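A closer look at the structure
This is what each chain is made of:
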Amino acid sequence: MYFVNWQREISVQEWNGQKVVVKRNKPTKEFHEFLIIYTYSLISVLLANPSAPPTLSEIAKNEGREMRERLSKIGISTPALISISDDSLVEEYVEGGDLYRALVLGGAASLAFEAGRLTGRLHKAGYAFVDNKAQNYLVRGDSVIRTDLGFLQKSSSQYAKSMDIGSFLASVMDLGRYAEIERAFYEGYLSESGSKFNCLSLIVRNVLSAGFSSDSKVMLRNMLLYSISLLDI
Ligand SMILES: Nc1ncnc2c1ncn2[C@@H]1O[C@H](COP(=O)(O)OP(=O)(O)OP(=O)(O)O)[C@@H](O)[C@H]1O
Ligand SMILES: [Mg+2]
């Protein structure tokens, strides 16, 4: 199996009789990371919430063992790391695939509740994923675990939290069952963090949606279902 991805080439291989995922940086990775960092800062300034973006060396360190152990202590599982170097990473293959695909295939909305719970748990611990797309969660049975940790940041700012909520919602905006997924994610988040979503989350969601959605008709319809009940007002 082989996925062509934006930042990395992802392939599934056999290693000592175990199925593993190999993530190899593309030569353009640093340029793409610069673009994400730039967009992150630009949106934060436009929204009058200036925030420091993660640096390139932080991005590389975030995928390592230390961060995975820290997340495990917070109660967030990640695939077992097999090896890591400057240009590639090998981790355990998780059979359920990513959460976006699972939801497209009719997976239970409770999986989105689990993603909301993990997001709330991370925020309570004073961190944010920043890139919190549903494609960055992997499904293991009834629970979800996190991969693609590059942009994780130690921050309790409203903007960093809004990036997590907004990027998750934007990544599922093109699903016909968006309202159900949004509600489940929201309830999972609320159950763990005790907070509702702030207005900034919906602004970030709407800004990112255009870039993330593969079906703009469904995305626009969902955007108009403005979820005022989820807001902390
Ligand atoms: N451990 C794993 N087990 C199973 N599938 C995986 C695993 N890691 C990644 N994948 C699949 O590969 C996809 C891309 O992985 P990942 O997000 O780590 O790469 P990326 O290049 O950083 O992606 P992007 O820049 O698009 O976020 C995931 O959405 C998922 O479908
Ligand atoms: Mg990813």
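These notes cover the structure that comes with them. (Residues numbered from 1 in each chain as written. Chains lettered and ligands numbered in written order. Predicted model: local features only at pLDDT ≥ 70, side-chain atom pairs only at ≥ 80, totals over all residues.)

**Section: the overall build of the protein**
The following threshold applies: Helix numbers and strand numbers start at the N terminus; a helix is a DSSP run of H or I with at least 4 residues, a strand a run of E with at least 2. Just to be clear, the radius of gyration here is over C-alpha atoms, and the globule rule we use is 2.2 Å times residues to the power 0.38. Here exposure depends only on C-beta density: within 10 Å of a residue's C-beta, 20 or more other C-beta atoms make it buried, 12 or fewer make it exposed, and intermediate numbers make it partly exposed, the C-beta atoms being placed from the backbone.
The number of helices and strands found in the protein is 9 helices and 9 strands. The C-alpha atoms of the protein give a radius of gyration of 17 Å, which matches the 17 Å a tight globule of 233 residues would have. Based on the C-alpha atoms only, the size of the protein along its principal axes is roughly 50 × 40 × 35 Å. Across the 233 residues that make up the protein, the buried fraction comes to 39%.

**Quick look at the site of ligand 1**
Just so we agree on the cut-off: We call a residue near a molecule or strand when its C-beta atom, built from the backbone, sits within 6 Å of it. Residues were grouped as follows: Ala, Val, Leu, Ile, Met, Phe, Trp, Tyr, Cys and Pro as nonpolar; Asp, Glu, Lys and Arg as charged; and all remaining residues, including Gly, as polar.
Lining the immediate environment of ligand 1, one finds 20 residues, of which Arg8, Val94, Asp98, Gln135 and Asp148 sit closest. Sorting the residues of the shell around ligand 1 by element identifies β2 (8–15), β3 (18–25) and β5 (88–92) as the ones contributing at least two each. Looking at the shell around ligand 1 residue by residue, the classes come out as 8 nonpolar, 6 polar and 6 charged.

**Some details on the packing of helix α5 (residues 110–124) against helix α7 (residues 178–193)**
As a reminder, the rule being used: Angles here are taken between N-to-C directions and fall from 0 to 180 degrees, while the axes themselves are lines fitted to C-alpha atoms, restricted in helices to the stretch in contact. For a crossing to be left-handed, the near helix must be turned anticlockwise from the far one by less than a right angle; the clockwise case is right-handed. By the convention adopted here, residues are in contact when the distance between their C-beta atoms, placed from the backbone, does not exceed 7 Å.
Contact geometry for α5 and α7: axes closest at 6 Å, N-to-C directions at 35 degrees. Seen from above, α5 lies across α7 with right-handed handedness. Within the contact between the two elements, α5 uses Ser110, Ala112, Phe113, Glu114, Ala115, Gly116, Arg117, Thr119, Gly120, Arg121, His123 and Lys124 and α7 uses Ile181, Ala184, Phe185, Tyr186, Glu187, Gly188, Tyr189, Ser191, Glu192 and Ser193. In terms of residue class, the contact of α5 with α7 is built from 8 nonpolar, 8 polar and 6 charged.

**Looking at the nonpolar core**
Filter applied, for reference: In these notes, a nonpolar core means any group of buried Ala, Val, Leu, Ile, Met, Phe, Trp, Tyr and Cys residues linked to one another through C-beta atoms within 7 Å.
In terms of nonpolar packing, the biggest core is built from 48 residues, with Leu99, Leu103, Ala115 and Val172 touching the most fellow members. With 7 residues, the single largest contributor to this core is helix α6 (residues 158–171).

**Some points on helix α9 (residues 216–224)**
Rules: The directions considered for the arc run from the helix axis to the C-beta atoms.
Among the residues of α9, those classed as buried are Met219, Asn222 and Met223. When α9 is viewed along its axis, its buried side chains cluster within an angular range of 105 degrees and face the same direction. Facing away from the buried side of α9, by more than 90 degrees, are the exposed residues Lys217 and Leu224. The elements touched by buried residues of α9 are α7 and α8 (199–212).

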